[in-house]
Amino acid sequence: MVTCAYCEKPLVCDKCRADYTPPSEEVYQALSQPDVLLACPECGAVLICHWCKTPYDGSVQDAADATEAPQA
Ligand SMILES: [Zn+2]
Ligand SMILES: [Zn+2]
């Protein structure tokens, strides 16, 4: 069981409601990196958190723009 990086609830695919299980340690580490695309291993869709509806599609949502973004 892993938790959503955004809402910290158990990460569940919004598409098929499967508990998300990272297929490898690399993918598990990528969960904390919002610029990495994750796909659901069950249905193959881009993983979207069932609870907060945040897509793990590699695009950073503006809700996270307070974190380290040293762009002028
Ligand atoms: Zn979430
Ligand atoms: Zn799924």
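Heads up: the structure comes first, above all this text.
Procedures and definitions
Residues numbered from 1 in each chain as written. Chains lettered and ligands numbered in written order. Predicted model: local features only at pLDDT ≥ 70, side-chain atom pairs only at ≥ 80, totals over all residues. Helix = DSSP H or I, 4+ residues; strand = E, 2+ residues; numbered from the N terminus. Buried ≥ 20, exposed ≤ 12 C-beta atoms within 10 Å, placed from the backbone. Contact = placed C-beta atoms within 7 Å.

Q: Explain unusual backbone geometry to me, please; I cannot follow it from the model alone.
A: Glycine aside, a negative phi is what most residues show, and trans is what most peptide bonds show. Not every positive phi belongs to a glycine, and Glu8 is a case in point at roughly 65°. Structurally, the position occupied by Glu8 is in the segment before helix H1 (25–30). Positive phi, normally seen in glycine, also occurs at Arg17, with a value near 65°. As for its placement among the helices and strands, Arg17 is situated in the segment before H1. We classify Arg17 as exposed; it has 10 C-beta atoms within 10 Å.

Q: What is the right way to read the environment of Val46 from this model?
A: Relative to the elements of secondary structure, Val46 occurs in the segment after H1. Apart from residues lying up to four places away in sequence, Val46 is in contact with Leu37, Ala39, Pro55, Tyr56 and Asp57.

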